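Here is what each chain is made of, one letter per residue.
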Amino acid sequence: TRIEYLHSRGIIHRDVKPGNFVVGDHGNEKKLYIVDFGVSKRYASRTGEHIRFAKGKCMIGTARFSSIGNHLGIEQSRRDDLESLGYSLVYFAKGTLPWIGIPCKSKADKYSTLLEIKRASLSAILCEGLPQEFQQYFDYVRSLEFEQIPDYGFLRKLFRQIMFQNRY
C-alpha cells in the first residue's frame, strides 16, 4: 500500500530496497514507512501524463535490488519499483539473493554479472522454496508494460493468501 500510495501521487521511488523501509516506534509499531527519496522522480505530470519510454539511461538506485530494465538503461516506471520490492521480499524471506556474494573485479563487472544472473533467474528459480505466490508476483510484475497501471490489489492479495494460509 505504501508503494501504491507513492505511485498514486505520480512518483516512483527508484531505490526500493530493505534499508529504505522502516517500522514506526512509540505507538506506531504497526506502521511501515518508506524513506530516502533522494533519487525519486515524477513518472506522471500533475495532469496525469506519463513520462516517455526511453533507453540509454544511467542505472539509478542500488544494483542489488534494481530491476532488470534499470540495469539495461531503460527509463524506470512503476513496474521497476515493484520488481525491486519483489527482490526485497525474497531477500526478507530467504536472507539472500542468488547474486549476493558473487566476486567481481570492478563496478562494471559487478553490474553486468548482476544483470546476467537476474536475467537467468526465472521466477521459479528465484522463488524456489518460497510459496508459489512469490513466483506469481514476479511473473505478473515482469509482464507489466512501461505505462501500465499495476493491479496493486492483486499483488496484495497474493501475500495476504500466504498470511492467511500460515495464520500469521
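All values derive from a computational prediction rather than experimental measurement.

Colleague: Could you clarify how one ought to interpret the overall build of the chain in this entry?
Modeller: Scanning the chain from terminus to terminus reveals seven helices and four strands. Taken along its principal axes, the extent of the C-alpha atoms in the chain is 45 × 45 × 35 Å. Counting only residues that meet the buried cut, the chain has 41% of its 168 residues in that class. Pairs at least 24 residues apart make up 58% of the contacts formed inside the chain by residues separated by at least 6 positions. Total accessible area on the chain stands at roughly 9,900 Å², and carbon and sulfur atoms take up 53% of it. The distance from the centre of the 26 positive side-chain charges to the centre of the 18 negative ones in the chain is 2 Å.

Colleague: I'm lost on the confidence of the model for the chain in this one. Help?
Modeller: Interpretation of this model should avoid reading the predicted coordinates in detail wherever pLDDT is low. Predicted confidence across the chain gives a mean pLDDT of 94, with 100% of residues reaching 70 or more. Summarising per-element confidence for the chain, the mean pLDDT is lowest in helix 5 (residues 123–126) (88) and highest in strand 1 (residues 11–12) (98).

Colleague: I tried to follow the side chain of His-71 on my own but got confused; where do I start?
Modeller: Along the chain, His-71 falls in helix 2 (residues 68–71). Since its relative accessible area comes to 14%, His-71 is described here as buried. When near neighbours in sequence (up to four residues on either side) are disregarded, His-71 contacts Met-59, Ala-63, Ser-66, Tyr-111, Leu-114, Leu-115 and Lys-118.

Colleague: Sorry if this is basic, but what is going on with the side chain of Glu-75 here?
Modeller: Among the structural elements, Glu-75 can be located in the loop between helix 2 and helix 3 (78–94). According to the relative accessible area criterion, Glu-75 is buried, its value standing at 6%. Polar contacts involving the side chain of Glu-75 include one to the side chain of Lys-57, which spans 3.3 Å. With residues near it in sequence (within four places) discarded, Glu-75 still touches Arg-14, Lys-41, Ile-51, Arg-52, Ala-54, Lys-57, Asp-80 and Phe-146.

Colleague: Mind showing me how you'd approach helix 3 here?
Modeller: For the α-helix, the turn length of 3.6 residues means that residues three or four positions removed from each other point alike. The end-to-end C-alpha separation of helix 3 is 25 Å, in line with the 24 Å expected for 17 residues at 1.5 Å each. Among the 17 residues that make up helix 3, 12 are buried, leaving the element largely enclosed by the rest of the structure. Taken residue by residue, helix 3 has Arg-78, Arg-79, Asp-80, Asp-81, Leu-82, Glu-83, Ser-84, Leu-85, Gly-86, Tyr-87, Ser-88 and Val-90 as its buried positions. Downstream of helix 3 by a residue or two, Gly-95 has a phi angle that is positive, lying close to 85°.

Colleague: Explain the pattern of salt bridges here, please?
Modeller: Close approach of charged atoms allows side chains of opposite charge to pair. By the definition in use, this model includes six salt bridges. Glu-75 is the salt-bridge partner of Lys-41, the closest N and O atoms lying 2.7 Å from each other. Of this pair, Lys-41 sits in strand 4 (residues 41–42) while Glu-75 sits in the loop between helix 2 and helix 3, and the two are 34 residues apart along the sequence. Relative accessible area serves as the criterion here: at 27%, Lys-41 is assigned to the partly exposed category. Of the charged contacts in the structure, one is a salt bridge between Glu-83 and Arg-142, with a shortest N-O distance of 3.8 Å. Of the two residues, Glu-83 sits in helix 3 while Arg-142 sits in helix 6 (residues 132–143), which places them 59 residues apart along the sequence.

Colleague: Looking at this structure, I do not really get the packing of helix 6 against helix 7 (residues 152–165). What am I missing?
Modeller: Each pair of packed helices gets described by two things: the angle between the helix axes and the distance between those axes. It is at 10 Å that the axes of helix 6 and helix 7 come closest, and there the two elements cross at 175°. Considered as vectors, helix 6 and helix 7 are oriented roughly antiparallel to each other. For the pair helix 6 and helix 7, the contacting residues are Glu-133, Phe-134, Gln-136, Tyr-137, Tyr-140 and Val-141 in the first and Phe-154, Leu-155, Leu-158, Phe-159, Gln-161, Ile-162 and Gln-165 in the second. Grouping the amino acids of the contact of helix 6 with helix 7 by side-chain chemistry returns nine nonpolar, three polar and one charged.

Conventions adopted
Residues numbered from 1 in each chain as written. Predicted model: local features only at pLDDT ≥ 70, side-chain atom pairs only at ≥ 80, totals over all residues. Heavy atoms only, no water. Helix = DSSP H or I, 4+ residues; strand = E, 2+ residues; numbered from the N terminus. Buried < 20%, exposed > 50% of the residue type's maximum accessible area, 1.4 Å probe, protein only. Contact = heavy atoms within 4.5 Å. Areas by Shrake-Rupley, 256 points an atom, 1.4 Å probe, with all protein chains shown as cover. Lys, Arg positive; Asp, Glu negative; His and termini not counted. Charge placed at Lys NZ, Arg CZ, Asp CG, Glu CD. pLDDT = per-residue confidence, 0-100. Polar contact = N/O pair within 3.5 Å; in protein donor to acceptor, adjacent residues only side chain to side chain. Expected span 1.5 Å × (residues − 1). Salt bridge = Lys/Arg side-chain N within 4 Å of Asp/Glu carboxyl O. Axes fitted to C-alpha atoms, helices over the stretch in contact; angles between N-to-C directions. Parallel < 35°, antiparallel > 145°, perpendicular 65-115°, else oblique. Nonpolar A, V, L, I, M, F, W, Y, C, P; charged D, E, K, R; others polar.

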